[in-house]
Amino acid sequence: MKYRHIVFDIDGTLIDTEYAVLRSLQETVRVLSGREIPYSELTFALGITGADALKKLDIKNISYAAELWNKNMRKYADTVKVFDGITELLKNLLRLDCKMGIVTSKTREEFKQDFSHFNISHYFKTIVCADDTQRHKPNAAPLLKYLEISKADCRQTLCIGDSKYDSMCAENAGIDFALAVWGSRQTSIKADYFLKNPMDLLSLQ
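Residues numbered from 1 in each chain as written. Predicted model: local features only at pLDDT ≥ 70, side-chain atom pairs only at ≥ 80, totals over all residues. Heavy atoms only, no water.

**Student:** Got a minute to help me understand the packing of aromatic side chains in this structure?
**Tutor:** The geometry of two aromatic rings is summed up by the distance between their centres and the angle between their planes. The final tally for this structure, using the stated rule, is 6 aromatic pairs. Residues phenylalanine 8 and phenylalanine 124 carry aromatic rings whose centres are separated by 5.9 Å and whose planes lie at 75 degrees to one another, so their mutual orientation is edge-to-face. One end of the pair, phenylalanine 8, is in strand β1 (residues 5-8); the other, phenylalanine 124, is in the loop between α5 (108-114) and β5 (126-128), with 116 residues separating them in the sequence. Accessibility expressed as a relative area gives 1% for phenylalanine 8, which makes it buried. (Phe/Tyr/Trp six-rings, centres within 6.5 Å; stacked < 30°, edge-to-face > 60°. Helix = DSSP H or I, 4+ residues; strand = E, 2+ residues; numbered from the N terminus. Buried < 20%, exposed > 50% of the residue type's maximum accessible area, 1.4 Å probe, protein only.)

Structure, rendered in C-alpha coordinates:
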(Lines give C-alpha, C1' and ligand atoms only; values in the text may rest on other atoms or scores of the structure.)
Protein backbone atom coordinates (compact mmCIF):
# COMPACT_ATOMS: atom_id res chain seq x y z
CA MET A 1 0.00 0.00 0.00
CA LYS A 2 0.98 3.61 -0.57
CA TYR A 3 0.28 4.48 3.05
CA ARG A 4 2.20 3.11 6.03
CA HIS A 5 0.02 4.76 8.71
CA ILE A 6 -3.78 4.49 8.67
CA VAL A 7 -5.52 6.75 11.19
CA PHE A 8 -9.16 6.09 11.99
CA ASP A 9 -11.92 8.13 13.54
CA ILE A 10 -14.18 6.03 15.81
CA ASP A 11 -17.86 7.01 15.64
CA GLY A 12 -19.25 6.50 12.14
CA THR A 13 -16.00 4.93 10.97
CA LEU A 14 -15.07 1.97 13.16
CA ILE A 15 -18.29 1.64 15.12
CA ASP A 16 -21.88 2.58 14.36
CA THR A 17 -22.91 4.86 17.21
CA GLU A 18 -25.15 7.37 15.44
CA TYR A 19 -28.45 6.22 16.92
CA ALA A 20 -27.04 5.94 20.44
CA VAL A 21 -25.28 9.32 20.30
CA LEU A 22 -28.19 11.29 18.89
CA ARG A 23 -31.00 9.67 20.85
CA SER A 24 -29.11 10.12 24.11
CA LEU A 25 -28.30 13.73 23.19
CA GLN A 26 -31.96 14.33 22.36
CA GLU A 27 -32.93 12.95 25.77
CA THR A 28 -30.25 15.00 27.55
CA VAL A 29 -31.40 18.28 25.97
CA ARG A 30 -35.02 17.43 26.82
CA VAL A 31 -34.17 16.90 30.49
CA LEU A 32 -31.94 19.96 30.83
CA SER A 33 -33.92 22.53 28.84
CA GLY A 34 -37.32 21.05 28.03
CA ARG A 35 -36.60 21.43 24.32
CA GLU A 36 -37.64 18.66 21.92
CA ILE A 37 -35.08 18.84 19.11
CA PRO A 38 -35.70 16.61 16.08
CA TYR A 39 -33.16 13.84 15.50
CA SER A 40 -32.30 15.27 12.07
CA GLU A 41 -31.29 18.61 13.60
CA LEU A 42 -28.73 17.02 15.92
CA THR A 43 -26.52 15.37 13.30
CA PHE A 44 -24.09 18.30 13.55
CA ALA A 45 -22.95 16.70 16.83
CA LEU A 46 -21.41 13.76 14.98
CA GLY A 47 -17.65 14.22 14.66
CA ILE A 48 -17.03 16.98 17.21
CA THR A 49 -16.37 16.79 20.93
CA GLY A 50 -19.33 16.36 23.23
CA ALA A 51 -18.49 19.65 24.93
CA ASP A 52 -18.53 21.52 21.61
CA ALA A 53 -21.87 19.93 20.66
CA LEU A 54 -23.42 20.96 23.98
CA LYS A 55 -22.10 24.51 23.62
CA LYS A 56 -23.72 24.77 20.18
CA LEU A 57 -27.00 23.79 21.86
CA ASP A 58 -26.58 26.61 24.42
CA ILE A 59 -26.33 24.19 27.33
CA LYS A 60 -24.85 26.04 30.31
CA ASN A 61 -23.40 23.45 32.70
CA ILE A 62 -21.27 21.54 30.22
CA SER A 63 -19.65 19.24 32.77
CA TYR A 64 -22.94 18.08 34.26
CA ALA A 65 -24.57 17.83 30.82
CA ALA A 66 -21.72 15.69 29.48
CA GLU A 67 -22.03 13.36 32.47
CA LEU A 68 -25.79 13.06 31.93
CA TRP A 69 -25.29 12.50 28.20
CA ASN A 70 -22.85 9.65 28.88
CA LYS A 71 -25.28 8.13 31.36
CA ASN A 72 -28.13 8.36 28.85
CA MET A 73 -25.97 6.87 26.09
CA ARG A 74 -25.43 3.72 28.15
CA LYS A 75 -29.16 3.03 27.75
CA TYR A 76 -28.55 2.58 24.02
CA ALA A 77 -25.39 0.47 24.32
CA ASP A 78 -27.07 -2.53 22.67
CA THR A 79 -27.54 -0.50 19.45
CA VAL A 80 -23.80 0.15 19.03
CA LYS A 81 -21.74 -2.27 16.93
CA VAL A 82 -18.55 -2.55 14.90
CA PHE A 83 -19.27 -1.90 11.23
CA ASP A 84 -19.29 -4.95 8.98
CA GLY A 85 -15.89 -5.49 7.39
CA ILE A 86 -13.88 -3.49 9.93
CA THR A 87 -12.36 -6.43 11.80
CA GLU A 88 -11.42 -8.12 8.52
CA LEU A 89 -9.83 -4.87 7.31
CA LEU A 90 -7.76 -4.48 10.48
CA LYS A 91 -6.48 -8.05 10.21
CA ASN A 92 -5.42 -7.41 6.61
CA LEU A 93 -3.69 -4.13 7.46
CA LEU A 94 -1.79 -5.88 10.22
CA ARG A 95 -0.61 -8.53 7.75
CA LEU A 96 0.54 -5.73 5.40
CA ASP A 97 2.57 -4.26 8.30
CA CYS A 98 0.57 -1.01 8.28
CA LYS A 99 0.64 1.00 11.48
CA MET A 100 -2.88 1.76 12.69
CA GLY A 101 -3.94 4.60 14.93
CA ILE A 102 -6.99 6.44 16.21
CA VAL A 103 -7.70 10.17 16.39
CA THR A 104 -11.02 10.76 18.12
CA SER A 105 -13.07 13.59 19.59
CA LYS A 106 -13.89 11.29 22.52
CA THR A 107 -12.18 11.94 25.83
CA ARG A 108 -9.95 9.16 27.17
CA GLU A 109 -12.71 8.15 29.60
CA GLU A 110 -15.31 8.06 26.81
CA PHE A 111 -12.91 6.00 24.73
CA LYS A 112 -12.60 3.41 27.49
CA GLN A 113 -16.34 3.36 28.09
CA ASP A 114 -17.57 3.38 24.48
CA PHE A 115 -14.89 1.55 22.53
CA SER A 116 -12.55 -0.67 24.53
CA HIS A 117 -15.00 -3.53 25.02
CA PHE A 118 -15.28 -4.21 21.27
CA ASN A 119 -11.95 -6.08 21.42
CA ILE A 120 -10.33 -4.32 18.47
CA SER A 121 -8.31 -1.76 20.48
CA HIS A 122 -5.21 -3.95 20.27
CA TYR A 123 -4.85 -3.18 16.56
CA PHE A 124 -4.12 0.49 17.28
CA LYS A 125 -0.66 1.50 18.49
CA THR A 126 -1.22 5.26 18.81
CA ILE A 127 -4.48 6.69 20.15
CA VAL A 128 -5.11 10.45 20.38
CA CYS A 129 -8.17 11.52 22.39
CA ALA A 130 -9.73 14.93 23.01
CA ASP A 131 -7.81 15.34 26.29
CA ASP A 132 -4.49 15.06 24.45
CA THR A 133 -4.77 18.40 22.63
CA GLN A 134 -6.07 21.83 23.51
CA ARG A 135 -7.63 22.27 20.07
CA HIS A 136 -9.84 19.69 18.38
CA LYS A 137 -11.21 18.74 14.98
CA PRO A 138 -11.51 20.47 12.54
CA ASN A 139 -8.25 22.01 13.78
CA ALA A 140 -5.12 20.09 12.69
CA ALA A 141 -3.89 19.65 16.28
CA PRO A 142 -5.14 16.07 16.90
CA LEU A 143 -3.56 14.69 13.71
CA LEU A 144 -0.37 16.67 14.26
CA LYS A 145 -0.22 15.11 17.72
CA TYR A 146 -0.56 11.69 16.10
CA LEU A 147 2.34 12.46 13.74
CA GLU A 148 4.44 13.66 16.67
CA ILE A 149 3.82 10.57 18.82
CA SER A 150 4.06 7.99 16.04
CA LYS A 151 6.87 9.75 14.16
CA ALA A 152 4.88 9.12 10.97
CA ASP A 153 5.56 10.86 7.67
CA CYS A 154 2.48 12.91 6.72
CA ARG A 155 2.96 11.84 3.08
CA GLN A 156 2.62 8.19 4.08
CA THR A 157 -0.35 8.75 6.38
CA LEU A 158 -4.03 8.40 5.51
CA CYS A 159 -6.87 9.58 7.73
CA ILE A 160 -10.24 7.83 7.49
CA GLY A 161 -13.38 9.46 8.88
CA ASP A 162 -17.05 10.09 8.25
CA SER A 163 -17.54 13.81 8.86
CA LYS A 164 -16.52 17.19 7.48
CA TYR A 165 -14.62 17.77 10.73
CA ASP A 166 -12.43 14.74 9.96
CA SER A 167 -11.88 15.98 6.41
CA MET A 168 -10.96 19.50 7.51
CA CYS A 169 -8.65 18.20 10.24
CA ALA A 170 -6.78 16.08 7.67
CA GLU A 171 -6.58 18.92 5.15
CA ASN A 172 -5.29 21.33 7.80
CA ALA A 173 -2.64 18.78 8.81
CA GLY A 174 -1.56 18.14 5.20
CA ILE A 175 -2.69 14.51 5.32
CA ASP A 176 -4.70 12.62 2.67
CA PHE A 177 -8.28 11.81 3.63
CA ALA A 178 -10.62 8.95 2.81
CA LEU A 179 -14.34 9.25 3.49
CA ALA A 180 -15.90 6.24 5.21
CA VAL A 181 -19.00 6.27 3.02
CA TRP A 182 -20.36 3.25 4.92
CA GLY A 183 -20.84 5.44 7.99
CA SER A 184 -21.22 8.94 6.57
CA ARG A 185 -24.42 10.88 6.05
CA GLN A 186 -22.77 13.31 3.60
CA THR A 187 -21.06 12.13 0.43
CA SER A 188 -20.39 15.75 -0.57
CA ILE A 189 -17.55 15.94 1.96
CA LYS A 190 -14.17 16.75 0.43
CA ALA A 191 -11.97 13.65 0.24
CA ASP A 192 -9.09 12.14 -1.72
CA TYR A 193 -10.87 8.77 -1.69
CA PHE A 194 -14.44 7.60 -1.20
CA LEU A 195 -14.62 4.13 0.34
CA LYS A 196 -17.99 2.42 -0.02
CA ASN A 197 -16.99 -0.36 2.36
CA PRO A 198 -13.96 -0.93 4.63
CA MET A 199 -12.23 -3.46 2.37
CA ASP A 200 -12.06 -0.88 -0.45
CA LEU A 201 -9.11 0.60 1.43
CA LEU A 202 -6.95 -2.35 0.42
CA SER A 203 -7.27 -1.42 -3.27
CA LEU A 204 -5.54 1.93 -2.80
CA GLN A 205 -2.15 2.00 -4.47
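Having seen the model, we can carry on.
**Student:** For this particular structure, what's the right way to read the sheet that holds β1?
**Tutor:** Hydrogen bonds between backbone atoms are what pair the strands of a sheet, whose relative direction is either parallel or antiparallel. The parallel open sheet is built from 6 strands, whose spatial order is β5-β4-β1-β6-β7-β8. At either end of the open sheet lies a strand with only one pairing partner, and these are β5 and β8 (193-195). Here the strands of the sheet are splayed against their neighbours by 25 degrees on average, with no regard to which way each runs. Strand contacts of helix α4 (residues 86-95): β1 and β4 (99-103), with the helix running at about 155 degrees to β1, the strand carrying the most contacts. Across the sheet, helix α6 (residues 141-150) touches β1, β4, β5 and β6 (157-161), and the angle it forms with β5 is around 150 degrees. (Pairing = 2+ DSSP bridges. Axes fitted to C-alpha atoms, helices over the stretch in contact; angles between N-to-C directions. Contact = heavy atoms within 4.5 Å.)

**Student:** How should the side chain of serine 24 be read in this particular structure?
**Tutor:** Locating serine 24 in the fold gives a position in helix α1 (residues 18-33). Reaching out from serine 24, the side chain makes a polar contact with the backbone oxygen of valine 21 at a distance of 3.0 Å. With residues near it in sequence (within four places) discarded, serine 24 still touches Trp69, Asn72, Met73 and Tyr76. (Polar contact = N/O pair within 3.5 Å; in protein donor to acceptor, adjacent residues only side chain to side chain.)

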